[in-house]
Amino acid sequence: MHGTVEAWARAAESRPGPHPEDEARLRSLHGAGTRRRFVASRLLLRVLLGTLVGGRPEGVRLSRTVWGRPYAPDLPGLDFSLSHTGSFLVAAVVRDGRIGVDAERSGRVMSVLEHRICTPYERAAFATRVLSGAGRDRELLRLWTLKEAYTKALGTGLRQAPRSFGLDDDDPVGRPVLRDSDGTALTGGLTTVTHTMPWGPGAGVLVSVVAGHRSSPTPGPSREPVRFEPVSSR
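We now turn to the structure provided with this report.

### Details of the overall build of the protein chain
And step 1. If you tally the helices and strands in the protein chain, you get six helices and ten strands.
And step 2. Taking all contacts inside the protein chain whose residues are at least 6 apart in sequence as the whole, residues at least 24 apart take part in 59%.
And step 3. In the structure as shown, the protein chain presents an accessible area of about 11700 Å², 55% of it carried by carbon and sulfur atoms.

This is the structure:
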């Protein structure tokens, strides 16, 4: 589900005050824009989750892990992730698994961040493909959004440095393979999707989603960082 901060904030303003469990967090936020985005994103999540479980958005409780990852304490079977860039908001959800989503404006110059994004294996692969200029920036942006989505699915966020693990297209069906910093393939498969969505005149937003299903689902909300071993995506 996606939309604009403005549209979801207007929808929130039409309701009778902020959700009770959001009031303390709202008071701690600085800047009208930050508070507006928070209110908009919380309503988007509650509408999405409420729709999936057949409940009212007001009845969906939201909390955060110590790492800042949102979860719904009363909906342990659902895992979700949220991202924004500018006024664009997007959320993704999966049952009995882990999921991460990341959104970035298309056209962003990424080459200056290559040393922070890529493993040595990936940088060597870029050199082999002789990618440069806008083409290199597009591939780096795709890789960046995939990696950020993956760390969100893990629950660590960018506390796990993007250059510490690899994602590439060597998988025969075109889905990324998780690799360590030396390029060695790791076990487990990932389900991923990357899509450019139209956004504004002559612009777009690149959205990447990474998901994995638990091989042995366990009850309780996803409160801690995990190294999931999802079932094969093939």
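The structure having been displayed, the exposition proceeds.
### Focus: the pattern of salt bridges
A side chain with one charge can pair with a side chain of the opposite charge if their charged atoms come near.
And step 1. A complete count under the given rule lists 16 salt bridges for this structure.
And step 2. Of the charged contacts, one joins Arg 36 and Glu 13 as a salt bridge, the two residues approaching to 2.6 Å between their closest N and O atoms. Taken together, the residues span a long stretch of sequence, with Arg 36 in helix 3 (residues 32-53) and Glu 13 in helix 1 (residues 5-13) at a distance of 23 residues.
And step 3. For Glu 13, a relative accessible area of 52% corresponds to the exposed category.

### Structural notes on the side chain of His 19
And step 1. You can see His 19 is positioned in the loop between helix 1 and helix 2 (23-28).
And step 2. With a relative accessible area of 18%, His 19 lands in the buried category.
And step 3. Within the local environment of His 19, its side chain forms a polar contact with the side chain of Arg 46, the two groups lying 3.5 Å apart.
And step 4. In this structure the side chain of His 19 is engaged in a polar contact, spanning 2.9 Å, whose partner is the backbone oxygen of Glu 58.

### With respect to the sheet that holds strand 1 (residues 2-4)
And step 1. Pairing is antiparallel in the open sheet, where three strands are placed in the order 1-5-4. Each edge of the open sheet carries a strand with a single partner, namely strand 1 and strand 4 (78-85). On average, adjacent strands in this sheet sit at an angle of 20 degrees to one another, irrespective of strand direction.
And step 2. Sheet analysis places strand 1 next to strand 5 (residues 88-95), joined by three bridges and oriented antiparallel. Bridging from a neighbouring strand, Gly 3 pairs with Leu 89 of strand 5.
And step 3. On top of the sheet, helix 1 reaches strand 1 and strand 5; it is set at about 85 degrees to strand 1, its chief contact.
And step 4. Helix-sheet contacts for helix 3 involve strand 4 and strand 5, and the interaxial angle to strand 5 is about 30 degrees.

The rules behind the values
Residues numbered from 1 in each chain as written. Predicted model: local features only at pLDDT ≥ 70, side-chain atom pairs only at ≥ 80, totals over all residues. Heavy atoms only, no water. Helix = DSSP H or I, 4+ residues; strand = E, 2+ residues; numbered from the N terminus. Contact = heavy atoms within 4.5 Å. Areas by Shrake-Rupley, 256 points an atom, 1.4 Å probe, with all protein chains shown as cover. Salt bridge = Lys/Arg side-chain N within 4 Å of Asp/Glu carboxyl O. Buried < 20%, exposed > 50% of the residue type's maximum accessible area, 1.4 Å probe, protein only. Polar contact = N/O pair within 3.5 Å; in protein donor to acceptor, adjacent residues only side chain to side chain. Pairing = 2+ DSSP bridges. Axes fitted to C-alpha atoms, helices over the stretch in contact; angles between N-to-C directions.

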